[in-house]
Amino acid sequence: MRTPFHSLPLLFFSQSLLLGQCRPDPDPLQDYCIADNKNTFFINGVPCIDPKQASSSHFVTSSLSKPGNTTNSFGFSVTATNTVNLPGLNTLGLILARVDIAANGIVPPHSHPRASEVITCLKGLLLVGFTDTSNRAFTQNLNPGESFVFPKGLIHYIYNRDSKQPALALSGLNSQNPGAQIASLATFASKPAIPDEILKRLFKLVVRSGDYS
Ligand SMILES: *[C@@H]1O[C@H](CO)[C@@H](O)[C@H](O)[C@H]1NC(C)=O
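Residues numbered from 1 in each chain as written. Predicted model: local features only at pLDDT ≥ 70, side-chain atom pairs only at ≥ 80, totals over all residues. Heavy atoms only, no water.

**Section: the nonpolar core**
Right, so step 1: In this structure, I101, L126 and I158 are the most contacted members of the largest nonpolar core, which totals 16 residues.
Right, so step 2: Only strand 2 (95-101), strand 4 (117-123), strand 5 (126-131), strand 7 (147-150) and strand 9 (167-173) provide two or more residues apiece to this core.
Right, so step 3: The element that contributes the greatest number of residues to this core is strand 5, accounting for three residues.
Right, so step 4: Among all residues touching I158, those that are not within four sequence positions of it are I101, G105, I106, V107, E117, I119, L126, L127, V128 and F150.
Right, so step 5: In terms of nonpolar packing, the next biggest core, distinct from the first, is built from six residues, L86, L89, I95 and L173 among them. (Core = buried A, V, L, I, M, F, W, Y, C linked by side-chain atoms within 4.5 Å. Buried < 20%, exposed > 50% of the residue type's maximum accessible area, 1.4 Å probe, protein only. Helix = DSSP H or I, 4+ residues; strand = E, 2+ residues; numbered from the N terminus. Contact = heavy atoms within 4.5 Å.)

Here it is as structure tokens:
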């Protein structure tokens, strides 16, 4: 059966809805669920305060107004909204992060197991990229005003190409708790350490795959 051309976008849209490809965290069952940060028990998320106690202050934060401290071995700092500094975002399935990167600093290859990320370069010259599950790499230079998207769970990096000026970027992620795993730290700086015989095998694998190039 031929599909009329004009209904194709609708078809793709409803297909992606059916397959759940657009979904961030589970939908809230009420307008909002302001995080009750005083609780001491664990649930999947953060419980809410009585909606009658809600005020504008629960929905505003200046947490992203100041540059982070980029004096560390990689030269970057990420400051993100969360259920503590912005309790009103609880259950809404998103956060916003401020990324400061020193001259030639890097946010090293890492992944967010629970979120896709869209990054906008606000200041400076960035080199960004990610690798997909077939080890195909995508890289792009970003100038101020340009955005790039890192698909959910894939390893990606952000590098400040400028050797003199710091860079500033803003990232939106579609989970209130995206998680972040830095590949090199997870491999070489875990506690306790990954057994030597495993790491030795890993090194051999890297050398051998280099031979093929
Ligand atoms: C930034 O962090 C470094 C290293 O931890 C520290 O020595 C320095 O005082 C910090 N700078 C500011 C402005 O907090």
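Still more to cover.
**Let's talk about the UniProt feature "binding site: Mn(2+)" (unreviewed entry) in the protein**
Right, so step 1: As recorded in UniProt, the feature "binding site: Mn(2+)" (unreviewed entry) lies at H110, H112, E117 and H156. Of the residues just listed, which span 47 residues, no C-alpha pair is farther apart than 12.0 Å, and they cluster in one region.
Right, so step 2: For H110, the position within the fold is in strand 3 (residues 106-111).
Right, so step 3: If near-sequence neighbours (up to four positions away) are discounted, H110 is found in contact with L154, I155, H156, Q181, I182 and A183.
Right, so step 4: On the secondary structure map, E117 appears in strand 4. (UniProt positions renumbered as here; feature names shortened; annotations may be inferred.)

**Overview of the sheet that holds strand 4**
Note on sheets: strands pair through backbone hydrogen bonds, and any given pair is parallel or antiparallel.
Right, so step 1: In space, the five strands of this open sheet follow the order 1-2-9-4-7, with antiparallel pairing throughout. Sheet topology places strand 1 (76-80) and strand 7 at the edges, where each strand pairs with a single neighbour. Pairwise comparison of adjacent strand axes, ignoring direction, gives a mean angle of 25° for this sheet. (Pairing = 2+ DSSP bridges. Axes fitted to C-alpha atoms, helices over the stretch in contact; angles between N-to-C directions.)

**Focus on a nonpolar patch on the surface**
Right, so step 1: Taken together, F188, L202 and F203 make up a surface patch of nonpolar side chains, about 310 Å² in accessible area.
Right, so step 2: Following the sequence through the fold, F203 ends up in helix 3 (residues 196-211). (Patch = residues over 30% accessible without salt bridge, like charges linked within 9 Å, V, L, I, M, F, W, Y side chains within 5 Å. Areas by Shrake-Rupley, 256 points an atom, 1.4 Å probe, with all protein chains shown as cover. Salt bridge = Lys/Arg side-chain N within 4 Å of Asp/Glu carboxyl O.)

**Some details on the packing of aromatic side chains**
Right, so step 1: Taken as a whole and assessed by the stated rule, the structure comprises five aromatic pairs.
Right, so step 2: Taking 5.4 Å as the distance between ring centres and 80° as the angle between the ring planes, the aromatic pair formed by Y32 and F59 counts as edge-to-face. Of this pair, Y32 sits in the loop between helix 1 (8-18) and strand 1 while F59 sits in the loop between helix 1 and strand 1, and the two are 27 residues apart along the sequence.
Right, so step 3: Here the aromatic rings of F130 and F148 are separated by 6.1 Å at their centres, their planes lie at 50°, and the arrangement is tilted. (Phe/Tyr/Trp six-rings, centres within 6.5 Å; stacked < 30°, edge-to-face > 60°.)

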